[in-house]
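# Chain and residue survey
Residue strings, one per chain:
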Amino acid sequence: MADKTQCSFRTSIGGQALIEGILMRGPKKQAIVCRTKDGLVEKVEDIHPIKEKYPVFGLPLIRGSAVFLSSMMNGMKALTYSANLIPEDEQGEPDKIDQWIEKHFSAEKAQQMIISVAVVLGILLSVFLFIFLPAFVVGLIKPLTSSYLLRNVSEGVVRVAVLLGYMWFCTRVPDVKRLFSYHGAEHKTIFCYEHGKELTVDNVRPEGRFHPRCGTSFLLVVVLVSIIVNAFVHVDNTFLRMLCHLALLPVVVGISYEINRWCGMHDNWLSSFLSAPGKWLQRLTTSEPDDSMIECAIRAMELVIPEEKGLDTWGN
């Protein structure tokens, strides 16, 4: 059987699962396609990468943090857009923070603030779960603090356990599980495009759903790289260790991005080895999609494929 991951070329087009929809992001445009009761709703926007205005953010190691923050902002905006397409009678009540913002600011300003607050809260939650919590838990178990090596490895094990536990918990939530099916549709569609096949439901359906350049894989790489980078932190005080780990986070993200980028450009034993853990994690974060989900992904992909052939080749 042919290896489904062997592609005729590697595209830089990437995506994200939304609420009943897909975000696809190409070199020049990004498209959101969501399924509603009235059919597919499309939204296409031009892309202006921050590195065009500030070239320093396109440099190796630095670009990782810039891409990560930009992806979080764009992803949250897209999620908010898809959530707003849900009929009002099916939407939940906004929380108190959102209600206060909507009361004191214009609709456009309120939406921007809500998205910014959500991104900040998401970052704070990630910092707590993957930096503060592991350092605190391991610091309470004296035998694990007998050496810096043992302490660092133990903190890394806790980080991996937290990530896997969080992902597993998400699979238990019906709405999130449906989101993961759209995630699978996104990967299958990208593989179909990379294999040079016509973008049809029949062609997309048999494709693999574990993609080496997935953002989920990036998260796991960040956790694993943090074990290596944090090995240089020789500090006993738990609070100071937390601060050191936080200060090293941009370094960890930068290295992780370069590893994912390199793996996406190569097909050899090393790239396969480095991308394998991320593919394993995708067994939790992707599910098999139905045809309607694949249709969303195909349409989103069609809207961002550049007219100039090769412009979306990975690594450009």
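This report concerns the structure included in the present document. (Residues numbered from 1 in each chain as written. Predicted model: local features only at pLDDT ≥ 70, side-chain atom pairs only at ≥ 80, totals over all residues. Heavy atoms only, no water.)

### Re the pattern of salt bridges
As enumerated under the stated definition, the model contains 15 salt bridges in all. Among the salt bridges present, the one from Arg-178 reaches Glu-20, with a minimum N-O distance of 2.4 Å. Placement of Arg-178 in helix 6 (residues 174-194) and of Glu-20 in the loop between strand 1 (14-18) and strand 2 (21-25) is noted, with a sequence separation of 158 residues between them. Here Lys-43 ties to Glu-45 by a salt bridge, and the two come within 3.6 Å at their closest N and O atoms. Residue Glu-45 is classed as partly exposed on the basis of its relative accessible area of 32%. Put simply, Arg-151, Glu-155, Arg-159 and Arg-241 are held in one network by salt bridges that share partners. (Salt bridge = Lys/Arg side-chain N within 4 Å of Asp/Glu carboxyl O. Helix = DSSP H or I, 4+ residues; strand = E, 2+ residues; numbered from the N terminus. Buried < 20%, exposed > 50% of the residue type's maximum accessible area, 1.4 Å probe, protein only.)

### Describing the side chain of His-245
Within the fold, His-245 resides in helix 9 (residues 238-247). With sequence-adjacent residues up to four places away left out, His-245 is seen in contact with Ile-131, Glu-155, Arg-159, Asn-230 and Val-233. (Contact = heavy atoms within 4.5 Å.)

### Observations regarding the packing of helix 2 (residues 62-84) against helix 10 (residues 249-265)
In helix packing, the relevant descriptors are the interaxial angle and the interaxial distance, both defined with respect to the helix axes. The geometry of helix 2 relative to helix 10 is characterised by a closest axis approach of 7 Å and an angle of 90 degrees between their N-to-C directions. Considering the angle they form, helix 2 stands roughly perpendicular to helix 10. Where helix 2 approaches helix 10, its residues Arg-63, Gly-64, Ser-65, Val-67 and Phe-68 are matched on the opposing element by Pro-250, Val-253, Gly-254, Tyr-257, Glu-258 and Arg-261. Its residues assigned to classes, the contact of helix 2 with helix 10 comprises five nonpolar, three polar and three charged. (Axes fitted to C-alpha atoms, helices over the stretch in contact; angles between N-to-C directions. Parallel < 35°, antiparallel > 145°, perpendicular 65-115°, else oblique. Nonpolar A, V, L, I, M, F, W, Y, C, P; charged D, E, K, R; others polar.)

### Examining the packing of aromatic side chains
Evaluation of the coordinates by the stated rule reveals two aromatic pairs. Ring plane angle 90 degrees and centroid distance 6.2 Å describe the contact between Tyr-54 and Phe-57, whose orientation is recorded as edge-to-face. Overall, Phe-57 belongs to the partly exposed group, its relative accessible area being 30%. Seen in terms of ring centroids, Phe-68 and Phe-218 are 6.1 Å apart; in terms of plane orientation they differ by 40 degrees. Their pairing is tilted. (Phe/Tyr/Trp six-rings, centres within 6.5 Å; stacked < 30°, edge-to-face > 60°.)

### Things to note about the pairing of strand 1
Looking at chain direction, strand 1 and strand 2 are connected through five bridges and run antiparallel. Paired with Ala-17 across the bridge in strand 2 is Ile-22. Counted along the chain from strand 1 to the antiparallel partner strand 2, the turn is two residues long, and its residue Glu-20 has a positive phi close to 55 degrees. (Pairing = 2+ DSSP bridges.)

### A few points about the pairing of strand 3 (residues 29-36)
Pairing of strand 2 with strand 3 involves five bridges; the strand directions are antiparallel. Pairing of Leu-23 across the sheet is with Ile-32, part of strand 3. What sits between strand 3 and strand 4 (residues 39-46) in their antiparallel hairpin is a turn of two residues.

### A closer look at the sheet that holds strand 3
If you trace the four strands from one edge of the open sheet to the other, you get 1-2-3-4, paired in antiparallel fashion. Of all strands in the sheet, those bounded by a partner on one side alone are strand 1 and strand 4. For this sheet the average axis-to-axis angle between neighbouring strands, irrespective of direction, equals 15 degrees. Set on the sheet, helix 6 makes contact with strand 1, strand 2 and strand 3; between it and strand 1 the angle comes to about 160 degrees.

### Here's the deal with the side chain of His-187
Examined against the element boundaries, His-187 turns out to sit in helix 6. Look at His-187 and you get buried, because its relative accessible area is 1%. Look past the residues within four positions of His-187 in its chain and what remains in contact with it is Gly-208, Arg-209, Phe-210, His-211, Cys-214, Gln-282 and Thr-286.

### A short note on helix 12 (residues 291-304)
If you check helix 12, its first and last C-alpha atoms are 20 Å apart, about what 14 residues at 1.5 Å a residue would give, namely 20 Å. Listing the buried residues of helix 12 in full gives Met-293, Ile-294, Cys-296, Ala-297, Ile-298, Ala-300, Met-301, Leu-303 and Val-304. On its buried face, helix 12 sits against strand 2, strand 3, strand 4, helix 6 and helix 7 (201-204). (Expected span 1.5 Å × (residues − 1).)

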